[in-house]
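Overview (structure and organization)
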Protein chains: 2
Amino acid sequence: MASFSYAIPLPIRCSTGSNNQDPNKQSLNKIKITGSPTRSLKVDILSQTAGIRQNIPTKKQLVDYHRQGLIIKEGVGYRQTVVIRSYESIRNLLQETALNHVWVSGLLSNGFGATHEMMKNDLIRVVSRMQVQVDRYPIWGEIMEIGTWVGAPGKNGMRRDWLIRSQAKGHVFARATSTWVMMNQKTRRLSKMPEEVMAEISPWFIEKQAIQEDVPEKISKLDSKAKYVNSNLKMEETRDLDMNQLVNNMKYVRWMLETIPDQFLVSHQLSSIILEYRKECGGSNIVQSLCKPDEDGILNSGLKQNNDMSPLNRFSLASEIMEGNGLLGSLDNVPLRYTHLLQTQGETKNEEIVRGKDHMEEKAI
Amino acid sequence: MASFSYAIPLPIRCSTGSNNQDPNKQSLNKIKITGSPTRSLKVDILSQTAGIRQNIPTKKQLVDYHRQGLIIKEGVGYRQTVVIRSYESIRNLLQETALNHVWVSGLLSNGFGATHEMMKNDLIRVVSRMQVQVDRYPIWGEIMEIGTWVGAPGKNGMRRDWLIRSQAKGHVFARATSTWVMMNQKTRRLSKMPEEVMAEISPWFIEKQAIQEDVPEKISKLDSKAKYVNSNLKMEETRDLDMNQLVNNMKYVRWMLETIPDQFLVSHQLSSIILEYRKECGGSNIVQSLCKPDEDGILNSGLKQNNDMSPLNRFSLASEIMEGNGLLGSLDNVPLRYTHLLQTQGETKNEEIVRGKDHMEEKAI
């Protein structure tokens with residue numbers, strides 16, 4: 001069990017060009033990793049760099065007093081009480097609690113999250129899919145209970161899930177799930193999970209899923225006819241290989257959402273997003289963000305896709321329906337879902353970096 | 001006493017064009033604030049937005065159990081035990097502890113850090129100068145004790161200082177000091193501090209200074225003849241008016257340092273920086289970063305400017321002197337200090353945004 005929670009954004013590309021949504025259904029023999037990480041030299045300013053914590057536990061610890069963390073759920077899940085700091089995002093909380101889970105598990109081998117057996121096999125973990133649903137954004141000073149655990153979605157992948165609740169009332173604020181696959185860091189090819197690694201991590205697997213999803217939602221591929229296009233985007237703040245790599249992922253989300261027209265964004269916020277990773281984007285790449293509004297109307301797009309909506313979300317949607325939206329005209333013209341594609345802008349061809357599908361909701365006034 | 005720790009980056013400009021380093025020596029009558037905040041619409045993704053904490057204490061609290069915070073130093077300073085999270089920077093720690101200090105003080109009036117009397121007077125606080133010295137960067141999981149307090153540097157300003165120590169051994173990892181002035185948020189002019197505000201906050205003042213500085217160091221103004229110039233920089237991630245505004249400040253530092261040649265940055269890191277704010281940079285501005293290496297040699301630049309160097313820094317510098325630097329040639333050619341200027345690139349004239357002066361040190365291998 002290792003850092004299931006933060007992406008190691010190395011270049012991943014499936015040479016089959018398959019649109020298959022589930023990485024575990026891909027034939028691993030056909031998967032190739034192309035290119036190499038082209039990180040521009042950047043400075044990590046007033047920030048910890050790749051400092052690796054000393055005194056990493058070698059055995060499972062049931063309690064981490066300093067972090068207010070506990071091993072729970074039959075001894076394999078993890079729960080941490082977190083007072084939200086003023087700059088923290090949900091992404092931050094996901095990353096931190098997953099790392100701390102691996103920390104107390106005694107499986108952590110290095111600062112980048114590989115387990116002992118993964119290290120022996122030259123394996124690292126890369127995220128292939130991520131889904132986050134937010135019912136409410138925590139704010140500065142709120143006390144949250146964050147649970148996280150791992151599971152097996154298929155033969156060669158693994159899953160990490162999270163549940164973020166308020167400590168006071170137990171309300172679920174956010175849910176997240178992610179799928180990870182193994183990559184050989186020398187050959188840069190995706191790899192089957194060796195038996196030793198499976199033996200090491202499978203005792204930690206839990207069946208429970210934070211987000212019920214019988215069939216992973218398909219994200220269609222957009223092309224240059226997409227309604228909204230932002231071009232010539234550049235990765236500005238790619239950092240050295242350190243624990244902050246999810247920065248890149250959030251940059252992806254930012255690029256996606258900023259392609260949606262401003263007059264919509266001013267009154268709406270993200271309530272859920274699915275990301276499917278295809279290839280890492282190096283610091284030197286020029287990126288294009290394509291975006292297509294969902295063609296279904298607001299009722300369809302809202303209710304169909306969000307079966308497990310919380311009462312809070314239902315209220316938000318209901319009030320949207322009741323009040324309309326002065327900025328964007330009639331209700332029928334307010335799409336609440338958008339499909340996204342980020343691709344490199346190559347001279348001869350473009351390459352997919354990540355597909356996305358979001359669900360927006362009206363902001364509370 | 002309010003959020004002395006995070007900048008409210010509204011446009012500030014001194015119409016006198018004075019190069020005076022100390023904002024408290026400026027004649028307030030001559031100070032004008034020009035322009036208005038030109039924030040581009042951006043989305044705050046998977047992140048708390050301007051959510052304002054409810055149940056703000058109205059009376060001083062001596063202990064904040066959840067945050068492991070305490071009122072100390074004769075009842076007016078604040079100390080918090082912090083386990084470093086994987087994405088945290090020193091800037092984050094400064095911001096968070098200052099906010100929490102104001103929180104427990106019972107003076108917090110709104111989420112943007114104004115006190116009750118400041119609110120009545122339409123005043124907000126803006127940072128005019130910031131200085132940070134880092135002996136060692138904390139890493140993920142380290143337990144730090146962060147002390148912070150406020151003081152009066154002059155008639156119309158105030159100071160907030162910080163000391164970041166390791167809990168285990170008490171070593172000082174970093175020191176910081178900042179100067180703040182009052183601004184009327186309606187007229188956008190700098191303001192004298194009204195007696196009611198002074199009466200409210202002065203009981204919290206402590207004489208102690210985290211960084212001894214008898215005379216604030218002057219930062220000379222650079223012009224287009226500066227050795228290194230990066231042009232056409234754009235503020236990409238300006239966020240809505242929320243608690244994350246120090247992001248902008250760190251963007252400034254990043255722009256400054258990224259103007260230093262890569263072959264130097266790969267082996268060196270920031271050990272201290274002074275920033276002097278002149279004018280806020282809106283999201284639509286195009287920015288130019290000018291940089292000039294210190295002409296003094298390594299010995300002068302290192303030892304002269306860092307009188308209160310810690311043994312750690314001395315060692316680092318000594319080893320630098322002993323070992324030389326293979327990348328940049330002879331020792332005499334390795335400047336360790338750089339002067340910076342960020343300015344807007346206007347069609348007719350450029351305007352100063354912020355001046356900076358840094359001190360770099362060799363990275364530990």
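Residues numbered from 1 in each chain as written. Chains lettered and ligands numbered in written order. Predicted model: local features only at pLDDT ≥ 70, side-chain atom pairs only at ≥ 80, totals over all residues. Heavy atoms only, no water.

Moving on to the overall build of chain A. Looking only at helices and strands, chain A features eight helices and 13 strands. Per-residue burial for chain A yields a buried fraction of 62% across its 365 residues. Considering only contacts in chain A between residues 6 or more positions apart, those separated by 24 or more positions represent 75%. Here chain A displays about 14,800 Å² of accessible surface, and carbon together with sulfur accounts for 49% of that area. (Helix = DSSP H or I, 4+ residues; strand = E, 2+ residues; numbered from the N terminus. Buried < 20%, exposed > 50% of the residue type's maximum accessible area, 1.4 Å probe, protein only. Contact = heavy atoms within 4.5 Å. Areas by Shrake-Rupley, 256 points an atom, 1.4 Å probe, with all protein chains shown as cover.)

Inspection of the entire model under this criterion finds six aromatic pairs over all chains. Between B:Y252 and B:Y277, the ring centres sit 6.5 Å apart and the planes meet at 50°, which makes this aromatic pair tilted. Residue B:Y252 is found in helix α5 (residues 246-257), and its partner B:Y277 is found in strand β12 (residues 268-277); the two are separated by 25 residues along the sequence. Linked through ring pairs, B:Y252, B:W255 and B:Y277 together constitute an aromatic cluster. For A:K60, the ring lying beneath its charged end belongs to A:W204, and the centroid distance is 5.2 Å. (Phe/Tyr/Trp six-rings, centres within 6.5 Å; stacked < 30°, edge-to-face > 60°. Lys NZ or Arg CZ within 6 Å of the ring centre and 35° of its normal.)

Residue pairs three or four apart in sequence face the same way in an α-helix, which turns once every 3.6 residues. Residues and elements named next belong to chain B. End to end, helix α2 (residues 90-105) covers 23 Å across 16 residues, agreeing with the expected 22 Å (1.5 Å per residue, within 8%). In terms of residue burial, α2 counts as a mostly covered element, since 16 of its 16 residues are buried. Positive phi shows up at G106, right after α2, with a value of about 80°. (Expected span 1.5 Å × (residues − 1).)

Using the criterion set out here, one finds 24 salt bridges over all chains in the structure. Where A:E145 meets A:R79, a salt bridge forms, and the shortest distance between an N and an O atom there is 3.7 Å. One end of the pair, A:E145, is in strand β5 (residues 143-151); the other, A:R79, is in strand β3 (residues 77-83), and 66 residues separate them in sequence. A salt bridge links B:K349 to B:E351, with the nearest nitrogen and oxygen atoms 3.8 Å apart. (Salt bridge = Lys/Arg side-chain N within 4 Å of Asp/Glu carboxyl O.)

The next thing to look at is the pairing of strand β8 (residues 157-166) of chain B. Residue and element names in this part refer to chain B. For β8, the buried fraction is high: nine of the ten residues fall into the buried class. Here eight bridges tie strand β7 (residues 143-151) to β8, and the two strands are oriented antiparallel to one another. Looking across to β8, one finds that G147 is bridged to L163. Where β8 lies against strand β9 (residues 172-184), nine bridges are found, and the strand directions are antiparallel. The residue bridging D161 from the neighbouring strand is T177, located in β9. The antiparallel pairing of β8 with β9 creates a hairpin that spans five residues between the two strands, and G170 there sits at a positive phi of about 75°. (Pairing = 2+ DSSP bridges.)

So, about the pairing of strand β7 (residues 172-184) of chain A. All names here are of chain A. Burial analysis of β7 places eleven of its 13 residues in the buried class, the great majority of the element. In this structure, β7 lies alongside strand β8 (residues 190-191), joined through two bridges in antiparallel fashion. Across the sheet, M183 pairs through a bridge with L190, a residue of β8. In this structure, the hairpin formed by β7 and β8 is closed by a connection of five residues, where R188 is found at a positive phi of approximately 60°.

Our focus in this paragraph is the environment of A:M182. All names here are of chain A. Summarising the element assignment, M182 is placed in strand β7. With relative accessibility at 0%, the residue M182 sits in the buried group. Separated by 54 residues in sequence, M182 and S128 have C-alpha atoms that sit 9.9 Å apart. Excluding residues within four positions of it along the chain, M182 makes contact with M118, L123, I124, R125, M158, R189, L190, S191, M193 and V197.

This part takes up unusual backbone geometry. Residues and elements named next belong to chain B. The backbone of Q68 shows a phi angle near 55°, a positive value even though the residue is not glycine. Structurally, the position occupied by Q68 is in the loop between β3 (63-64) and β4 (69-72). Although it is not a glycine, D122 adopts a positive phi angle of roughly 60°.

What follows covers a nonpolar patch on the surface. On the surface, A:L62, A:V63, A:Y65 and A:L70 cluster together into a nonpolar patch covering about 410 Å² of accessible area. Counting through the fold element by element, A:L70 comes out in strand β2 (residues 69-72). (Patch = residues over 30% accessible without salt bridge, like charges linked within 9 Å, V, L, I, M, F, W, Y side chains within 5 Å.)

This paragraph deals with the confidence of the model for chain A. Residues and elements named next belong to chain A. Scored by pLDDT, chain A comes out at a mean of 72, with 68% of its residues at no less than 70. The low-confidence segment residues 1-52 (pLDDT under 50) makes 192 contacts with residues lying over four places distant or belonging to another chain. Here residues 238-247 is a poorly scored stretch, pLDDT under 50, and it has 44 contacts once near neighbours within four places are set aside; other chains count. Here the prediction assigns the complex a pTM of 0.76, and the interface score ipTM is 0.75. (pLDDT = per-residue confidence, 0-100.)

It is worth spelling out the environment of A:G75 at this point. Residue and element names in this part refer to chain A. Mapping G75 onto the fold places it in helix α1 (residues 73-76). Sequence separation of G75 and P203 is 128 residues, and the distance between their C-alpha atoms is 9.8 Å. In this structure G75 touches K60 and W204, once residues within four positions along its chain are discounted.

Let us look at the side chain of A:S272. Secondary-structure assignment places A:S272 in strand β10 (residues 268-277). Setting aside residues up to four positions removed in sequence, A:S272 forms contacts with A:V132, A:Q133, A:K357, A:D358 and A:H359.

Turning our attention to the environment of A:K59. Residue and element names in this part refer to chain A. Mapping K59 onto the fold places it in the segment before β1 (63-64). For the pair K59 and L108, spaced 49 residues apart in sequence, the C-alpha to C-alpha distance is 9.6 Å. Setting aside residues up to four positions removed in sequence, K59 forms contacts with V104, S105 and G106.

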